[in-house]
Amino acid sequence: MAFHPTPRQLSLIKAVIFVLALLPLGRMVWLTYTGQLVEPLEFITRGTGDWTLYFLCIGLGVTPLRRITQWNWLIKLRRMLGLFAFFYATLHFTTFLWFDHFFDLAEMWKDVLKRPFITVGFIAFVLLIPLAVTSTNGMVKRLGGKRWQWLHRLVYVIAPLGILHYWWMKAGKNNFAQPILFGCIVALLLLIRVYFAWSKRVQNAKLAR
């Protein structure tokens, strides 16, 4: 049965998601402030990186879920989810720039060029910036619908790059369980999108006959 929330219900859903999305950050701050962490820097760095990938996966899952359930209102949540992915990615990058290099841009750049896993992560973060900047309705109008859609397809590159960054980071400890899980989730979500695109072409071809 299709669920169609009223504007008020949708606003409530957005508010709940907003609060829930900030809980991981609140937990990191609280545990750090109360001194409960042995390695707070490592915990924050990993936590912000993990939540970046979580929100990328959730954002990629919106369209397949919308198509399967016919809950078209879900599309109205995608912008918020994408912005939270950028928010946690920015925090992740800030911990690297602040605690690892104390805002020394020259040293940071050397590190980016020196270590492949940082290079890949940096590229993914840079690619997220135009998506965040163009997330407003005004930017959609300025770019035009088609150009905006093509630009935001960069997420199909960003998510795999994020997973590669995670994979190489875990390689030093031979711990690939989480990167493999993330990789499988993203691969499945992208394959579903490919299937939908293929079925749409087949349908259009039948109609054109």
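Residues numbered from 1 in each chain as written. Predicted model: local features only at pLDDT ≥ 70, side-chain atom pairs only at ≥ 80, totals over all residues. Heavy atoms only, no water.

Chemist: Explanation requested: unusual backbone geometry in the structure shown.
Modeler: Non-glycine residue Gln70 carries a positive phi angle of around 65°. Tracing the chain through its elements places Gln70 in the loop between helix H2 (40–69) and helix H3 (78–100). (Helix = DSSP H or I, 4+ residues; strand = E, 2+ residues; numbered from the N terminus.)

Chemist: Just checking my understanding: could you explain the pattern of salt bridges for this structure?
Modeler: Once the charged atoms of two side chains with opposite charge are near each other, the side chains can pair. A complete count under the given rule lists three salt bridges for this structure. With its nearest N and O atoms 2.7 Å apart, the salt bridge here joins Arg46 to Glu42. Of this pair, Arg46 and Glu42 are both found in helix H2, four residues apart, which corresponds to roughly one turn of the helix. Arg46 sits in the partly exposed class, given a relative accessible area of 31%. The shortest N-O distance in the salt bridge between Asp111 and Arg115 comes to 2.8 Å. Taking relative accessible area as the criterion, Asp111 reaches 10% and is therefore assigned buried. (Salt bridge = Lys/Arg side-chain N within 4 Å of Asp/Glu carboxyl O. Buried < 20%, exposed > 50% of the residue type's maximum accessible area, 1.4 Å probe, protein only.)

Chemist: Can you help me understand the layout of surface pockets in this one?
Modeler: Picture a little ball the size of a water molecule; that probe, rolled over the atoms, points out where space is still empty. Quantified by volume, the largest pocket comes out at close to 1,200 Å³. What lines the largest pocket is a set of 32 residues, and nearest its centre among them are Thr63, Arg78, His152, Tyr156 and Arg193. Within the residue set of the lining of the largest pocket, elements represented by two or more residues are H2, H3, helix H5 (116–133), helix H7 (145–152), helix H8 (155–171) and helix H9 (177–208). Considering every element that reaches the lining of the largest pocket, the biggest residue donor is H2, with seven residues. (1 Å grid on protein atoms, 1.4 Å probe; cavity = no way out; pocket = protein on both sides within 12 Å on 5 of 7 lines; lining within 4 Å. Points joined across faces, edges and corners; volume = space filled by probe spheres on them.)

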